[in-house]
Amino acid sequence: MEKQTGWTEEYGQALIDFYRQTIRTRSYSDEEGDMARLTEAKMKELGFDEAYIDSTGNVVGRVGNGPKVIHFDSHMDNVRVNDPEDWIVPPFSAEIVDGQVYGRGSVDMKGGLSASLFAAALAKRQGLLEGKTVYVTGSVCEEYCDGVCLEHFYRESNVRPDVCVICEPSDNTITLGHTGKVQAVIKTYGVSAHGSAPDKGMNAVYEMAEIIRRVEELNRKLGTVPGGGTIVLSHISCETVSLNAVPSQCRIYLDRRLRPGECVEQVKGEMEALIAGRQRASWELGTLRRTSWTGGELVYEPAHEPWKIDEDASLTVTCRQAYENAFGQKPERYDFWDFGTNAVVPVSMGVATIGFGPGEYKLAHMTNEHCDPEKVKDACRFYTELIRLL
């Protein structure tokens, strides 16, 4: 392999071997250390000019040293497996069943990470890096904190890419954008009293009941608008001094997804309407705080506009040509993710950003998550061709 300069079956097999190894390396959010070290070692083995783990725990690889900076990002973290007994094979075995690789992360998103890593190494071997620098990152805690990992990477490395490719699963379809998101917390406040004398208190949960009904109604209303978004109550809790007492506070967490044409400012109005007339209610942005596996502090402010790159944008046109060169046909369609990604950060910086990755994203987070390994190879070919054309 060391003497090969182009794509070979051996190189493709090495890619799949590494891909399966990453699936066997469990990497829940904030527990990505083993995965980061595995990825760093592979970057060095494949001849990256630089490979390291930054202070936040992202693994960073670089090939080339030219003025045009191309960034491929994939998150290393995965959601947890709470039902291992329901899988047809152990969820971290990476076993191949009927030609599909099974395991947590097989779709979301160790295929994209593996393919981009091998593509960057292949681009170096093929001499495609004149005037270019290619960064490949395996980023942390995306499942909780979209983009925060990249904020840290860009700031610490002083990197500002010209182009960013988000390698989230798209079944190898060029993906032009994703939904926006606002996560919010609504709180209601009551008065504690002994459970034997509820009339002497005020139940915060009862105060929340009408608001919950309004959330459900808002989601129905959004569903009647063509291209409308969604809202879901994703968590509820209350505070009470004991199981014999009236709750003094109730808290719900809301996940509002925004389609193109909707905006964050609109959601602020919706939150005000949800608590209108409730004197003991308030809302705030659902800020999340996490600690990365290296001890880095991650603070996530979940308020992002929808994003979509134009079909005639220079990067889209180049991706279309790369697709045709790699696969011998023009792309039949484009896609649009109905979830958020790390793209929120490069997009906010004005960086030309697009999505492409192996795996059917509807299989992400599911029992028996699986991916066709040939799609991982195809993604590597596409990424390599894109590097050549950029």
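Shown above is the structure to which this text applies.
About the thresholds
- Residues numbered from 1 in each chain as written.
- Predicted model: local features only at pLDDT ≥ 70, side-chain atom pairs only at ≥ 80, totals over all residues.
- Heavy atoms only, no water.
- Phe/Tyr/Trp six-rings, centres within 6.5 Å; stacked < 30°, edge-to-face > 60°.
- Helix = DSSP H or I, 4+ residues; strand = E, 2+ residues; numbered from the N terminus.
- Buried < 20%, exposed > 50% of the residue type's maximum accessible area, 1.4 Å probe, protein only.
- Lys NZ or Arg CZ within 6 Å of the ring centre and 35° of its normal.
- 1 Å grid on protein atoms, 1.4 Å probe; cavity = no way out; pocket = protein on both sides within 12 Å on 5 of 7 lines; lining within 4 Å.
- Points joined across faces, edges and corners; volume = space filled by probe spheres on them.
- Nonpolar A, V, L, I, M, F, W, Y, C, P; charged D, E, K, R; others polar.
- Pairing = 2+ DSSP bridges.
- Contact = heavy atoms within 4.5 Å.
- Axes fitted to C-alpha atoms, helices over the stretch in contact; angles between N-to-C directions.

**So, the packing of aromatic side chains**
Overall, the coordinates contain 13 aromatic pairs when judged by the stated rule. Between Tyr28 and Phe92, the aromatic rings sit 6.1 Å apart at their centres with planes inclined by 70°, giving edge-to-face as the arrangement. Here Tyr28, found in the loop between α1 (9–24) and α2 (33–45), pairs with Phe92, found in the loop between β3 (68–75) and β4 (96–97); they are 64 residues apart in sequence, far enough to count as distant. Judged by its relative accessible area of 6%, Tyr28 falls in the buried class. Between Tyr135 and Phe153, the aromatic rings sit 6.0 Å apart at their centres with planes inclined by 65°, giving edge-to-face as the arrangement. Linking Tyr135 in strand β6 (residues 132–139) with Phe153 in helix α4 (residues 148–157), this pair joins segments that are 18 residues apart in sequence. Residue class for Phe153 comes out buried when judged on its relative accessible area of 1%. An aromatic cluster is built from Trp7, Tyr11, Phe18 and Phe118, whose rings are joined through pairwise contacts. Geometry around Tyr144 places Arg290 over its ring, the cationic atom sitting 3.6 Å from the centre.

**Quick word on the layout of surface pockets**
Here the largest pocket defines a volume of roughly 720 Å³. Among the secondary structure elements, those contributing two or more residues to the lining of the largest pocket are β9 (180–189), β10 (230–239), β11 (249–258) and β13 (288–291). When grouped by side-chain class, the residues that make up the lining of the largest pocket number 10 nonpolar, 8 polar and 12 charged. Taken as a whole, the second largest pocket encloses approximately 230 Å³ of empty space. Together, 16 residues line the second largest pocket, and Ala303, His304, Val344, Val345 and Ser348 are the ones closest to its centre. Contributing elements (two or more residues each) for the lining of the second largest pocket: α4, β14 (297–300), β15 (303–304) and α8 (344–348). The element contributing the most residues to the lining of the second largest pocket is α8, with 4 residues.

**Overview of the sheet that holds β4**
In space, the 3 strands of this open sheet follow the order β4-β5-β19, with antiparallel pairing throughout. Single-partner strands in this sheet number two, and they are β4 and β19 (370–371). Relative to strand β5 (residues 100–102), β4 is paired through 2 bridges, and the arrangement is antiparallel. Across the sheet, residue Ile96 finds its bridge partner in β5, namely Val101. Where α1 meets the sheet, it contacts β4, β5 and β19, and its direction lies at approximately 25° from that of β5.

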